[in-house]
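# A closer look at the structure
Below are the chains, spelled out letter by letter.
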Amino acid sequence: MIEGAAPDHAARDRDRALTDAPFVTIVHPDEHPATASVADALGQTAGVLTRSLGGLGAYESVSVRGAEPGQTLVMIDGVPLARLAQVTTDLGRFALDSFGQVELYRGAVPVELGGAGVGGALNLVTRLGPDDRGDTVRASIGGGSFGARHVRVHYGDAHLGGRLLSSTTIGYQGATGDYTYYSDNGTPLNLGDDRYVVRANNAFDQVDASSRVGTSDGAVVGGVRAAWKHQGLPGSEELPALGASLSTLDLVGDAHVQHAVGAASARELGYVLVETQTLDDPMGELGLGAQQRGYLTLSGGASSTWSLPVHGDRATAGVELRGDSFRDRDLGGASPTTTGDRAGGAVLASYDAVLDPTVTITPAMRLDLVRTAPTPMDAGPTAGMPVPTRDDVVPSPRLTMRLAASPDVALKASGGWYVRLPTLVELFGDRGFVVGSPTLRPERGPSGDCGIVWAPARVLAGGAIDRVLVEAAGFVTRSDNTIAFITTAGYVARAANIGQSETAGAELVASARAWRMLSLTASYTELHTAQVSDDPDLDGKPLPRSPEHVLYARADVVHGRAGGWIDVAAQSESTLDPAELGRVPGRALVGAGARVEVAARVGLSLSVANALDLRVVQLPLVPPPSPTFTSTPTALTDVGGYPLPGRSFYLSMDWSH
């Protein structure tokens, strides 16, 4: 453990793993460095692959079980962050340490959290009051390679004799990001012009703050959260951008009320989301020309969910309402402003049927009704033509099953249909370099999984092993009307339904603790993806950015006031495009770290990322130009093809009271 003598979360995690119908992963911030983002931590768990734009502070999203990032619902304290204009959320701008825990539902999603999404759901949960050790104040500060730095302070306490709990966090994080990376100069078969270059325009600064308060029984909870980030947009290795930047400000406010009406229990939620962004591309490195654009998204919604016991079973029903408004404004006045509105609602229901004390079957249904109203388009084949209001009615049924085979073993399975509606940018363009496609069909398809969880409560090996958790699952998905961006001319792109895709895979999680000092964890995901297309050049080929094998393993040793860890993150080769014209070589990265408590409640930590300084990876040439020239050196990159830094160090100090 890096950030202090972390409490043992095993008992709570064991209960969730065995009793929750979905496969659920719980991420605890005190098991990760203070600088870790939500995406960084999730990338170490089974079934999850982080997709970033390379380096410190870059845009980060997650792919769960091979699904596109937009197919995973992201929430903060139950508030959905999905927006009208964008398909996914930048999880790199959310500091993990500002939350109490992160819940990842893989596959099936509880109806209380929306109940849909082939990639499951992610809920970032704020903890109220003191932490598990009773501390009310926690602070950390640090700095490291490539100008990385951070400072963070958290205060959580009980008030009014314990009847009221609060949580307040404020933090800053930044970096210059000027690491060096290997470049083949765009000529992979000519080794004579290869060199190391400095990653330019890669700095970022971000500030986040949140305050939340609620009653100790959870009857009334509410809060606000704000995050600001300014970052350079360095582009890819082949097409670097030296002057482009993006500034983002997010505001989230919400209130929850829980109450009982007779035997029924009810939960109401209301929320408001505001996001403003300014994109500055003075040299026209990202689009068709120089541009400065301002984006504004306003969202508001409410939901009410009711639950009622029925002869040992439980029935749940709910309703959701949401409205979104988006504006894309050319700050230079060269093109008209784009606006769009979306209003929608959903009804959802589930029934937990307890067939006997060991078997629970839960059928669930969600029905979404959505209306999208755009402005007329001024680019593309439909320019100047009226664009009708778009209506979508999409059902999402699902069935889950949990069998408690013994107090230590649970069998789980689920199956159903998911849906993702097109975003405003996909439908109507962005007046920059995306041309709209107003006739896009929703992306939807069947998905299912099944597996087993073993988490013995008793000690093993004569008492030497006091904690074991093993989880194995298989999953399969078929996506119809898959939405993808297709380049039409130069940088201009449009969204299109490209057909079908298939995904099948397996995931394995194993952890154990021995002698109360040595902890071992490992997660492995095997993923097989294929495009289903009439184009013989695409049919059967894997989906881009989806490596077949992903492995993460870690060992922690804690003794007295000192502790250390070592980990390895490996993944196999993947592709950058549907035709496999661009490839990302496989890799294995080693990290390590240690923490020493130098005084009461004060600790010093040192971590090393990419400890072996891997920056050059051999990419096999298929077919090889000659028997002696079978591979070529290429830069270490993420699955999007963006170069990553070599060895980096980070030193931090933490204090709690």
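Read on for a plain summary of the structure. This structure is a prediction, so every number in the text was calculated from the model and none was measured.

What counts and how
- Residues numbered from 1 in each chain as written.
- Predicted model: local features only at pLDDT ≥ 70, side-chain atom pairs only at ≥ 80, totals over all residues.
- Heavy atoms only, no water.
- Helix = DSSP H or I, 4+ residues; strand = E, 2+ residues; numbered from the N terminus.
- Buried < 20%, exposed > 50% of the residue type's maximum accessible area, 1.4 Å probe, protein only.
- Contact = heavy atoms within 4.5 Å.
- Areas by Shrake-Rupley, 256 points an atom, 1.4 Å probe, with all protein chains shown as cover.
- Pairing = 2+ DSSP bridges.
- Salt bridge = Lys/Arg side-chain N within 4 Å of Asp/Glu carboxyl O.
- Core = buried A, V, L, I, M, F, W, Y, C linked by side-chain atoms within 4.5 Å.
- Patch = residues over 30% accessible without salt bridge, like charges linked within 9 Å, V, L, I, M, F, W, Y side chains within 5 Å.
- Lys, Arg positive; Asp, Glu negative; His and termini not counted.
- Charge placed at Lys NZ, Arg CZ, Asp CG, Glu CD.
- Polar contact = N/O pair within 3.5 Å; in protein donor to acceptor, adjacent residues only side chain to side chain.

### Points about the overall build of the protein
- A count of helical and extended segments in the protein gives three helices and 38 strands.
- The buried share among the 657 residues of the protein stands at 51%.
- A separation of at least 24 residues holds for 63% of the contacts in the protein among residues at least 6 apart in sequence.
- Working note: accessible area of the protein is about 27,300 Å², and carbon and sulfur atoms make up 64% of it.

### What about the environment of Gln291?
- Assignment of secondary structure puts Gln291 in strand β17 (residues 291–310).
- Its relative accessible area of 11% is what places Gln291 among the buried residues.
- Taking the C-alpha atoms as reference points, Gln291 and Ala334, separated by 43 residues in sequence, lie 8.9 Å from one another.

### Remarks on the sheet that holds strand β5 (residues 79–80)
- Reading across from one edge, β1-β6-β7-β4-β5 is the order of the five strands in this open sheet, with mixed pairing throughout. For this open sheet the edge positions go to β1 (23–27) and β5, each flanked by a neighbour on one side alone.
- Inspection of the sheet shows strand β4 (residues 73–76) paired to β5 by two bridges, in the antiparallel sense. Note on β5: the bridge partner recorded for Met75 is Pro80.

### Some remarks on the pattern of salt bridges
- Evaluation of the coordinates by the stated rule reveals 31 salt bridges.
- Put simply, Arg65 and Glu507 hold a salt bridge, and the shortest N to O gap is 2.7 Å. Here Arg65 is found in the loop between β3 (60–64) and β4, whereas its partner Glu507 is found in strand β28 (residues 500–514), with 442 residues between them in sequence. We note that Arg65, like Glu507, is buried.
- Across the pair Arg595 and Asp654 runs a salt bridge whose closest N-O atoms are separated by 2.9 Å. Within this pair, whereas Arg595 is found in strand β34 (residues 587–599), its partner Asp654 is found in strand β38 (residues 648–656), the two being separated by 59 residues in sequence.
- A relative accessible area of 7% means that Arg595 is categorised as buried.
- One network of salt bridges, with partners in common, ties together Arg65, Arg106, Asp449, Glu471 and Glu507.

### A short note on the nonpolar core
- Core analysis: the largest hydrophobic core is formed by 25 residues, its most contacted members being Val38, Leu42, Leu91, Phe94, Leu122 and Leu124.
- Those elements that place two or more of their residues in this core are α2 (38–42), β3, β4, β6 (101–106), β7 (121–125) and β16 (264–281).
- With four residues, the single largest contributor to this core is α2.
- Sequence-distant contacts of Phe94, that is, excluding residues within four places in its chain, are made with Ser37, Val38, Ile76, Leu81, Thr89, Phe99 and Leu124.

### Describing a negative patch on the surface
- Taken together, the side chains of Asp534, Asp535, Asp537 and Asp539 make up a negatively charged region of the molecular surface.
- Mapped onto the elements, Asp539 comes out in the loop between β29 (518–532) and β30 (549–559).
- Since its relative accessible area comes to 42%, Asp539 is described here as partly exposed.

### Topic: the environment of Val109
- Along the polypeptide, Val109 turns up in the loop between β6 and β7.
- According to the relative accessible area criterion, Val109 is buried, its value standing at 8%.

### So, the side chain of Arg322
- Mapping Arg322 onto the fold places it in strand β18 (residues 313–330).
- Here the side chain of Arg322 touches Pro80 through a polar contact of 3.3 Å, landing on its backbone oxygen.
- Side chain to side chain, Arg322 and Tyr271 meet in a polar contact 3.4 Å long.

### A word on the side chain of Ser299
- By secondary structure assignment, the location of Ser299 is in strand β17.
- The class for Ser299 is buried, based on a relative accessible area of 5%.
- A distance of 2.5 Å separates polar atoms of two side chains, one belonging to Ser299 and the other to Asp324.

### Observations regarding the pairing of strand β9 (residues 149–159)
- One ladder, built from seven bridges, connects strand β8 (residues 137–144) with β9; its direction is antiparallel. Within β9, the position partnered with Ile141 by the bridge is Val151.
- In sequence, β8 turns back onto β9 through a hairpin of four residues, with Phe146 there showing a positive phi of about 60 degrees.
- Here 11 bridges tie β9 to strand β10 (residues 164–175), and the two strands are oriented antiparallel to one another. The residue bridging Asp157 from the neighbouring strand is Ser166, located in β10.
- In sequence, β9 turns back onto β10 through a hairpin of four residues, with Leu160 there showing a positive phi of about 55 degrees.

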